[in-house]
Amino acid sequence: MEQVSFAIATIIVGVFGCVSYFYLTNIALDVIFPGRGPNAGRNINRASAIRPWLFLGPAILLLGIYLVYPVFNSIWLSFHDASGSKFIGFDNYVWLVGDKKFLESMRNNMLWLIVVPAASTFFGLVAAALTDRISWGNFAKSLIFMPMAISFIGASVIWKFIYDYRGDGSAEVGALNAMVLAFGGTAKAWITLDIWNNFLLMVVLIWIQTGFAMVILSAALRGIPEETIEAAVIDGAAPFQIFYKIKIPQIWGTIAVVWTTITILVLKVFDIVLAMTNGQWESQVLANLMFDWMFRGNDAGRASTIALVIMVLVTPIMIWNIRNARRELR
Amino acid sequence: MRHSLVAVAASVSLIAGATHAQELMFPPGDDPRFTWDSYEALKSMDLSGETISVFGPWLGPDKELVESVIAYFEAATGADVQYSGSDSFETQIVIDTGAGSPPNIAVFPQPGLATDLAGKGFLSDLGQETADWVRDNYAAGQSWVDLGTYAGKDGEQRLYGFFYKVDVKSLVWYVPENFEDAGYEVPQSMEDLKALTDQIVADGETPWCVGLGSGGATGWPATDWVEDMMLRTQPPDVYDGWVSNEIKFNDPRVTGAIDEFGYFARNDDYVAGGAGAVASLDFRESPKGLFESPPTCYMHRQASFIPAFFPEGVVVGEDADFFYFPAYSGMDLGRPVLGAGTLFSITSDSRGARAFLEFLKAPIAHEVWMAQTGFLTPHKGVNPDAFIDPVVRSLNDILLGATTFRFDGSDLMPGAIGAGVFWTGMVDYVGGKSAEDVAADIQSTWDSL
C-alpha cells in the first residue's frame, strides 16, 4: 500500500511538475520580454533565442548528470582498485582479458547478438507480411504485440515456469517438459544445459521483441507505393518474387533500424539472465557480469571496466542506427 | 477530475498516516515472562523529537515483527524510528552510503558487506564498552565480538557490528510420522545418518530432498552443506583458515568437505528427482517433498527459517520436526554448530542511533520477538520462558549447547567469492565437475582480488 501511494504521488508530482515547468517558464519569458510596446521586435528576437534553451535545459542538465558525467567517472574508476581510492593503472583491463567468466560472457553476448536481432526481425517481418491482408490480421497483431507490454522480469518468470524441471518421480509442471514427455522424450533441466540454455533465454527476448519488429515493419510495408506492386503484378511476378524483390528492397532502411535497435537492446541484456540463471551454467552475459562485480563483488573498478567494454561495443552500432533512422526520416 | 484528484491526495495522506501509530504487542508490566525492568530502564533516555532511520532486509511479516519490537523503544523514549526494508538491501546500502545519504542504522544480513563498508569508512565505531558488553552477555561472547570487529579505513580493528537475531543452520528437518511408519530412528552421529540414508534406499525410498535454486542466489544452500561438512571433518581452526583464505580453496581438506556434500547430493539414489534436479530445484520448493503422500523424501537439511516455506497447515513440532545435523562420532570434533545472524551497524551517527543500540542490549528487545516467531538469540540475560514455541526454544538450546559455533563461511568471505564464484562453483559441482576443478576455479578468482 505504501508503495502504491508513493507511486501515485510520484506520477502526479512528475507529470504536473514537468507540465508546469514548461508552462510557467514560457509565461515568464513572455513577461520579461513582452512582444508589445516600443521594443517589441528586439524582445521577440531575444525571447526566441532563449526559448529553445529553456525547453532543452532540463534534458541537457539531466543527460549531463546521468549520462555524460558517469561515463567519465567510469573511465576514472576503471583505473582504480575496488574501493576507487588507489590508482592501479591497467590492472583491471589485464584481469578482464584473462577472466574466464568475461570470456564466457563475450561468447554468449556474441551469440545473443547474432541470434536475437535476426530472429526477432525475421519473425516480425513474417508476421507483418502475413497479417497484412487477412481479416483478423489486427487481432493477430495485437496478440503478437502483447508480450511487449510485459516487463523483462515478468517474462522471465513466465518462461521459468515453462522450462521448469521437477526431476524423476515427481509430476512435471513445466510446459516444455510436458510437451517433451507427451512425445515420448525424457524430461530435462533445460536451463542447466550448457550452451543450449543460452538459446532458451534468447527465446524470451525474441518472444518480446517480435511484436516490436512486427509493428514497425508492418507500417513500413503499408508505406510502399501501390504502383510498384501493381506494376510487378502486371509484369507477372509471383507473390514470393514481389515480396523479396519489390517489397523488401523498399523497406530495407526500416529493417536495418529495427535490427540495430534490437542489437543495442541485446548488448544490454541483463534482467532475463539475472532472473533465470544469474549467469550460472555458463550463461553469463556482460551486463550481468558487471552487476555481479559491482554489487556482489563490491568492486567499482572491475565493474566500470566491464561497463566500458559494453559501451565501446554499443557505440558504433548506435551511431549507425541513428544515421539510418535519420535517413529514413528524410 | 478535480474532485477525484483531491480524493486521491486525501487517501494518500490517510494511508501514509495509518502506518504510524503502533500498539505495543504485550502491555508493559502484565506478563511476568518479560524482563520489564529493562523496559522501564529505557525511559531514562528522553529522545522526544529525535528521528532515527533504520534500513534493513526485512520485509512483509518480518517487517511487522521488527516494528513490533521497535514500538517498545519508541514508547519508552519518545523517539520516532522509521524502519524501511528492501529485498535489494545489499545493493541499496552500498549506493546510500556511497552517495552520502545513509540511514542512521543499517541491518546487515551478513558480515561480509559490513566488512567492506567498514573498510571504506562508512561505519561508526561502537566502542569498547559495547564490545565488553557483548563478550560478557552473549553465549560464546568473544566469537560474536570477533564477528563484528573489522578493520576501519585507517586499518585499525574496531567493533562495528552488533549481532541481534541469529539463525541456526545445522539442522535436518523430517516428518516424525514418516519416521515412525518406516521404523527409522533419529541418527545420533554422521555414521548413523549415512547408514540411515542407505537404509532408506534399501527400502526403495528416497532419503533426501536437496534444492539449490534461489533465483539470482542459486547455489547458496550448497555452501551451507559444505561449511557444515568442513566443521564435521576438520577442526575449527582449519575452518577459520579456509574462510580467511590462509588455507587455499583447493586444499585437499576443503575439496574433501565438498566431496562429503557430494556424497549426498550427487547420488541419484539419495536425492529426490536425481542429482540432475538438485541445482535447479528451488530451495523453497524442495522441503515440500517431505509432506507429500507417499513422501518424496525423508530428510531435508536447512536452516531454522525453513518452516516459513512448509506447506500451509504444517505445525512444526507435530507434523514436522528437526534434529541436529550430527557430527562423526569417530572424529572427536564435538558438537559443531553452523549459524548466521543479522548485525546492526551505525551508518550515520547520532544520539538516537546510540540509544537504539543500547535498546538492543536490553532483554526486552529480544523477548518481544522471541515471544512471537522466528527469533533466536545468544543473549544470556533473557528469560527463555518468553519462547512461546517449545520448538524454537529447543532450537535455541542447540545454539547455546554448541561446543563450537561458527558463522556461515560464505557470508564472511569477500562478496565476489561468498556470493559469487562459491555459488557458481557449487552449481557446477552438482552438475558433474570435480571438486578439484571447482575449487581451483574459485581459488583463482580469490587470487585475482
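Quantities reported herein were computed from a predicted structural model and do not represent experimental measurements.

## Looking at the overall build of chain B
Line of reasoning, step 1. Secondary structure assignment for chain B yields 19 helices and eleven strands.
Line of reasoning, step 2. Taken over C-alpha atoms, the radius of gyration comes to 23 Å for chain B, in line with the 22 Å a tight globule of 449 residues would show.
Line of reasoning, step 3. With the principal axes as the frame, chain B shows a C-alpha extent of 65 × 55 × 50 Å.
Line of reasoning, step 4. Per-residue burial for chain B yields a buried fraction of 48% across its 449 residues.
Line of reasoning, step 5. The long-range fraction of contacts in chain B, counting pairs at least 24 apart against all pairs at least 6 apart in sequence, stands at 76%.

## Some thoughts on the overall build of chain A
Line of reasoning, step 1. Scanning chain A from terminus to terminus reveals 14 helices and zero strands.
Line of reasoning, step 2. Along chain A, helices (α) and strands (β) appear in the sequence α-α-α-α-α-α-α-α-α-α-α-α-α-α when read from the amino end.
Line of reasoning, step 3. For 330 residues, the compact-globule estimate of 2.2 N^0.38 gives 20 Å, and chain A exceeds it by more than 25% at 26 Å.
Line of reasoning, step 4. Based on the C-alpha atoms only, the size of chain A along its principal axes is roughly 90 × 75 × 45 Å.
Line of reasoning, step 5. Within chain A, the proportion of its 330 residues that are buried is 31%.
Line of reasoning, step 6. The long-range fraction of contacts in chain A, counting pairs at least 24 apart against all pairs at least 6 apart in sequence, stands at 69%.

## Thoughts on unusual backbone geometry
Line of reasoning, step 1. Each neighbour pair has its own omega, and for S293 of chain B with P294 of chain B the value is -5 degrees, a cis peptide bond.
Line of reasoning, step 2. Of note, the phi angle at W281 of chain A is positive, near 55 degrees, even though the residue is not glycine.
Line of reasoning, step 3. Residue placement: W281 of chain A occurs in the loop between α12 (271-276) and α13 (286-296).

## Section: the pairing of strand β1 (residues 51-56) of chain B
All names here are of chain B.
Line of reasoning, step 1. Summarising burial for β1: five of the six residues are buried, a large majority.
Line of reasoning, step 2. Sheet topology note: the β1/strand β2 (residues 80-85) ladder contains six bridges and is parallel. The residue bridging V54 from the neighbouring strand is Y83, located in β2.
Line of reasoning, step 3. For the crossover that starts at β1, traverses helix α3 (residues 60-77) and ends in the parallel β2, the hand is right-handed.
Line of reasoning, step 4. By the bridge criterion, two bridges tie β1 to strand β3 (residues 105-108) in an arrangement that is parallel.

## Looking at the nonpolar core
Line of reasoning, step 1. Core analysis: the biggest nonpolar cluster contains 186 residues, and M290 of chain A together with V278 and V430 of chain B have the highest contact counts within it.
Line of reasoning, step 2. No other element matches the twelve residues that helix α8 (residues 196-222) of chain A contributes to this core.

## Brief notes about the interface of chain A and chain B
Line of reasoning, step 1. Each partner contributes to the interface: chain A provides 28 residues, whereas chain B provides 31 residues.
Line of reasoning, step 2. Mapped by element, the contributors of at least two residues to the side of chain A that touches chain B are α1 (2-32), α12 and α13 of chain A.
Line of reasoning, step 3. Among the residues making up the side of chain A that touches chain B, the classes are represented as twelve nonpolar, ten polar and six charged.

## Comments concerning the packing of helix α10 (residues 220-233) of chain B against helix α12 (residues 252-265) of chain B
Residues and elements named next belong to chain B.
Line of reasoning, step 1. At their nearest, the axes of α10 and α12 sit 8 Å apart, and the two run at 120 degrees to each other. The two elements α10 and α12 cross, and the hand of that crossing is right-handed. Contact residues: α10 offers A222, W225, V226, M229, M230 and T233, while α12 offers G256, A257, I258, E260 and F261.
Line of reasoning, step 2. Here the residues of the contact of α10 with α12 sort into eight nonpolar, two polar and one charged.

## Details of the pairing of strand β9 (residues 321-324) of chain B
Residue and element names in this part refer to chain B.
Line of reasoning, step 1. On β9, burial follows the alternation: F322 and Y324 on one face are buried, whereas D321 and F323 on the facing-out side are not.
Line of reasoning, step 2. Alignment of strand β7 (residues 171-174) against β9, held across four bridges, turns out to be antiparallel. Of the residues in β9, the one forming a bridge with L171 is Y324.

## A short note on the sheet that holds β7 of chain B
All names here are of chain B.
Line of reasoning, step 1. Taken in spatial order, the three strands of this open sheet run β8-β7-β9, and their pairing is antiparallel. Since the sheet does not close on itself, it has two edges, and those belong to β8 (299-301) and β9, each with one partner. For this sheet the average axis-to-axis angle between neighbouring strands, irrespective of direction, equals 30 degrees.

## A look at the confidence of the model for chain B
Low pLDDT means the predicted atomic positions in that stretch should not be read closely.
Residues and elements named next belong to chain B.
Line of reasoning, step 1. In the predicted model, chain B carries a mean pLDDT of 87, and the fraction of residues at 70 or more is 95%.
Line of reasoning, step 2. Segment residues 1-21: pLDDT under 50, and eight contacts once partners within four positions in sequence are set aside and those in other chains are kept.
Line of reasoning, step 3. Listed scores for the predicted complex are pTM 0.78 and ipTM 0.71.

## Some points on helix α5 (residues 111-119) of chain B
Residue and element names in this part refer to chain B.
Line of reasoning, step 1. Burial of α5 is extensive: eight of the nine residues sit out of reach of the surface.
Line of reasoning, step 2. Along α5, the positions that sit buried rather than exposed are P111, G112, L113, A114, T115, D116, L117 and A118.
Line of reasoning, step 3. Positive phi shows up at G121, right after α5, with a value of about 85 degrees.

## Digging into the environment of T51 of chain B
Line of reasoning, step 1. Considering the arrangement of structural elements, one finds T51 of chain B in strand β1.
Line of reasoning, step 2. In contact with T51 of chain B, not counting residues within four places along its chain, are D80 and Q82 of chain B.

## What about helix α11 (residues 236-243) of chain B?
All names here are of chain B.
Line of reasoning, step 1. Regarding α11, the residues found buried are Y239, W242 and V243. Down the axis of α11, the buried set is contained in an arc of 95 degrees. They therefore lie on one face.
Line of reasoning, step 2. Check the buried side of α11 and you find it contacts α10, α12, β11 (404-407) and α17 (409-412).
Line of reasoning, step 3. Of the residues flanking the end of α11, it is N245, one or two places downstream, whose phi is positive at about 65 degrees.

## Some thoughts on the environment of R166 of chain A
Line of reasoning, step 1. Mapped onto the elements, R166 of chain A comes out in the loop between α6 (152-162) and α7 (175-182).
Line of reasoning, step 2. As for R166 of chain A and L205 of chain A, which are separated by 39 residues in sequence, their C-alpha atoms are 24 Å apart.
Line of reasoning, step 3. Residues within four places of R166 of chain A in sequence aside, it is in contact with A171, E172 and V173 of chain A together with G273 and A277 of chain B.

## A word on the environment of T342 of chain B
All names here are of chain B.
Line of reasoning, step 1. As for its placement among the helices and strands, T342 is situated in strand β10 (residues 336-346).
Line of reasoning, step 2. Looking at T342, the number of C-beta atoms within 10 Å reads 20, which means it is buried.
Line of reasoning, step 3. For the pair formed by T342 and P27, sequence separation is 315 residues and the distance between their alpha carbons is 27 Å.
Line of reasoning, step 4. Apart from residues lying up to four places away in sequence, T342 is in contact with V107, F108, P109, Y164 and K165.

Rules behind the numbers
- Residues numbered from 1 in each chain as written.
- Chains lettered and ligands numbered in written order.
- Predicted model: local features only at pLDDT ≥ 70, side-chain atom pairs only at ≥ 80, totals over all residues.
- Helix = DSSP H or I, 4+ residues; strand = E, 2+ residues; numbered from the N terminus.
- Rg over C-alpha atoms; globule rule 2.2 N^0.38 Å.
- Buried ≥ 20, exposed ≤ 12 C-beta atoms within 10 Å, placed from the backbone.
- Contact = placed C-beta atoms within 7 Å.
- Pairing = 2+ DSSP bridges.
- Right-handed = clockwise from strand over helix to strand, strands pointing away.
- Core = buried A, V, L, I, M, F, W, Y, C linked by C-beta atoms within 7 Å.
- Nonpolar A, V, L, I, M, F, W, Y, C, P; charged D, E, K, R; others polar.
- Axes fitted to C-alpha atoms, helices over the stretch in contact; angles between N-to-C directions.
- Left-handed = near helix turned anticlockwise from the far one by under 90°.
- pLDDT = per-residue confidence, 0-100.
- Arc of directions from axis to C-beta.

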